[in-house]
Amino acid sequence: MTMTPHEVQAYVLTYLEALDCQIMERSPAHVTVKLSPEADKALTNRPYYWGFVERTGAPAETMSFTFIFDPDSYQQAIEAAEAKTAQASPDTAQTNGATNGSPQGEPPKETILGRYFGITPSMPLLGPGRILREEVVYGSRRLQQIFGAAREGGAFVNLFEQAAKRQLRATAPAVYEPWLGVCFKVEFACDLKREELHFLGISLRSGEIIEKFGTKLNRRDLSPRLAENMHVQTAKVSLSDAGAALESHLTNRLLELDYSWAEKAQERLDLELDVLDTYYEAVLREDTPEVEPPGNIASGVESVHSNRTSPVSLKKVLDITNAKPIGTDMELAAEAVVPIETETDAEEEKAKQAVIDREAMKLQYETRRTEMIWQYEPKVKVTAISSGMFHLR
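Residues numbered from 1 in each chain as written. Predicted model: local features only at pLDDT ≥ 70, side-chain atom pairs only at ≥ 80, totals over all residues. Heavy atoms only, no water.

J.: Any chance you could explain the side chain of Thr-62 here in plain terms?
T.: By the element assignment, Thr-62 lies in the loop between helix 3 (47-56) and strand 3 (64-68). A polar contact is formed between the side chain of Thr-62 and the backbone oxygen of Leu-35, at a distance of 2.7 Å. The residues contacting Thr-62, other than those within four sequence positions of it, are Lys-34, Leu-35, Ser-36, Pro-37, Asp-40, Arg-46 and Trp-50. (Helix = DSSP H or I, 4+ residues; strand = E, 2+ residues; numbered from the N terminus. Polar contact = N/O pair within 3.5 Å; in protein donor to acceptor, adjacent residues only side chain to side chain. Contact = heavy atoms within 4.5 Å.)

Next comes the structure, spelled out in structure tokens:
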């Protein structure tokens, strides 16, 4: 799934207009807006500044943005405008360039920190005229941030159907029927994935449940403001009971579906697990040498030392008359033991390394098995992505 620059622009403009941002300049390739306080909090990541404003009650200074949806077209338009300006009045263009590059000639602007803490050093300008410039294309971080802000801000709504003009002039007030609407996202996942949206609505007066509740809402003019000469009826069904009724209704609907895809996914999982088990059993059996634990090796070494006979005097065995003294024979026997101890240490290190390799291989096997089960195991996940109270006639 992807979005064209036109779709990205339409989505961003809808979000900005919904938050009452002031559009300063607009073209097919960009839009320049003065953010509203709500949009500034959501997009500029300035919690300390807004904390200061809320604590002191100072008037907020929101930031301005230039969102560029088509960078190539926008750059061509900028170059064409600069060339046209240069041809019209070269002296003016030179003067403007010097002024923009050196803001020292401009009178100092009053800042919010300056009003409370006196003279403060000037802050670096963020773009021309403190207007941030940013490219918003599909996959960019700013568009992802706008997606998240819209999802968070629009998760819960409270809307009223607008009344006709003749109703506003009627003597008797009309009544609203409260409805709870919930949009559920159902994910059918295995090694493949499919998603469905189920927008259900339930009347808090009668308990009636309507599927495709969005179709019912699309025909109505909704507003967050309660119209004049309208009356909201009291709900007879609590929100918790209404939510439970919607969940039960959706569960029953899901039980009626065909789950042959889950059986096929389980068969693929069993086949993949068989291949994985066969591979790692062979690897653990062939590639890892059979070794004894270090304790057994140490006891074996001790038994070798205990069974070793004490050195015998060379003079007694060979009956050499001019043989060397007994003390010299004992030194020779002691020198013969040294290479045996070195070989024993090497065997112990080899045994320890073999145990470590075996444990690492087992951990890798368990990890691969867990990942494969997570990937292939069929599962159904239901999430309520948005909901709202809708007062309809």
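Moving on from the coordinates now.
J.: Looking at this structure, how should I read the nonpolar core?
T.: Across soluble globular proteins, nonpolar side chains show a tendency to be buried alongside one another. Ranked by size, the top nonpolar core spans 21 residues in total, and within it Val-12, Leu-16, Leu-35 and Phe-67 carry the most contacts. The element contributing the most residues to this core is helix 1 (residues 5-18), with five residues. When near neighbours in sequence (up to four residues on either side) are disregarded, Phe-67 contacts Val-12, Leu-16, Ala-29, His-30, Val-31, Val-33, Leu-43, Glu-134, Val-136 and Arg-142. Core analysis: the second largest hydrophobic core is formed by 13 residues, Val-182, Phe-188, Leu-250 and Leu-254 among them. (Core = buried A, V, L, I, M, F, W, Y, C linked by side-chain atoms within 4.5 Å. Buried < 20%, exposed > 50% of the residue type's maximum accessible area, 1.4 Å probe, protein only.)

J.: Quick question: what am I supposed to make of the pairing of strand 1 (residues 22-27) here?
T.: The sheet contact formed by strand 1 and strand 2 (residues 30-34) spans five bridges and is antiparallel. Each bridged residue has a counterpart across the sheet, and for Gln-22 the counterpart in strand 2 is Lys-34. Between the antiparallel neighbours strand 1 and strand 2 lie two residues. (Pairing = 2+ DSSP bridges.)

J.: Even after reading the chapter, I still don't get the packing of aromatic side chains, so can you show me in this structure?
T.: Centre-to-centre distance and the angle between the planes together describe a pair of aromatic rings. Taken as a whole, this structure holds 11 aromatic pairs when the rule is applied. Each ring, one from Phe-65 and one from Phe-67, has its centre 5.1 Å from the other, and the planes form 10°; the classification is stacked. When sorted by exposure, Phe-65 lands in the same class as Phe-67, which is buried. Considering the side-chain rings of Tyr-259 and Trp-261, the 6.1 Å spacing of their centres and the 40° angle between planes classify their relative orientation as tilted. Ring pairing ties together the aromatic residues Trp-179, Phe-199, Phe-213 and Phe-390, which thus form one cluster. If you follow Lys-216 out to its NZ or CZ, it ends over the ring of Trp-179, 5.4 Å from the centre. (Phe/Tyr/Trp six-rings, centres within 6.5 Å; stacked < 30°, edge-to-face > 60°. Lys NZ or Arg CZ within 6 Å of the ring centre and 35° of its normal.)

J.: Could you clarify how one ought to interpret unusual backbone geometry in this entry?
T.: Excluding glycine, residues mostly have negative phi values, and the peptide bonds linking residues are mostly trans. Of note, Asp-20 is a non-glycine position whose phi angle comes to about 60°, a positive value. Secondary-structure assignment places Asp-20 in the loop between helix 1 and strand 1. Not every positive phi belongs to a glycine, and Asn-45 is a case in point at roughly 55°. With respect to the element layout, Asn-45 can be found in the loop between helix 2 (37-43) and helix 3.

J.: Quick question: what am I supposed to make of the confidence of the model for the protein chain here?
T.: Low pLDDT marks stretches whose predicted atomic positions should not be read closely. Confidence in the prediction for the protein chain averages 79 pLDDT; 74% of positions are at 70 or higher. A low-confidence stretch, residues 97-105 (pLDDT under 50), is modelled with one contact involving residues beyond four sequence positions or located in other chains. This stretch, residues 123-128, has a pLDDT under 50; its non-local contacts, to residues over four places away or in other chains, come to five contacts. (pLDDT = per-residue confidence, 0-100.)

J.: Can you help me understand a negative patch on the surface in this one?
T.: Taken together, the side chains of Asp-258, Glu-263, Glu-267, Asp-270 and Asp-274 present a region of like negative charge at the surface. Position of Glu-263 among the secondary structure elements: in helix 11 (residues 260-286). We classify Glu-263 as exposed; its relative accessible area is 55%. (Patch = residues over 30% accessible without salt bridge, like charges linked within 9 Å, V, L, I, M, F, W, Y side chains within 5 Å. Areas by Shrake-Rupley, 256 points an atom, 1.4 Å probe, with all protein chains shown as cover. Salt bridge = Lys/Arg side-chain N within 4 Å of Asp/Glu carboxyl O. Lys, Arg positive; Asp, Glu negative; His and termini not counted. Charge placed at Lys NZ, Arg CZ, Asp CG, Glu CD.)

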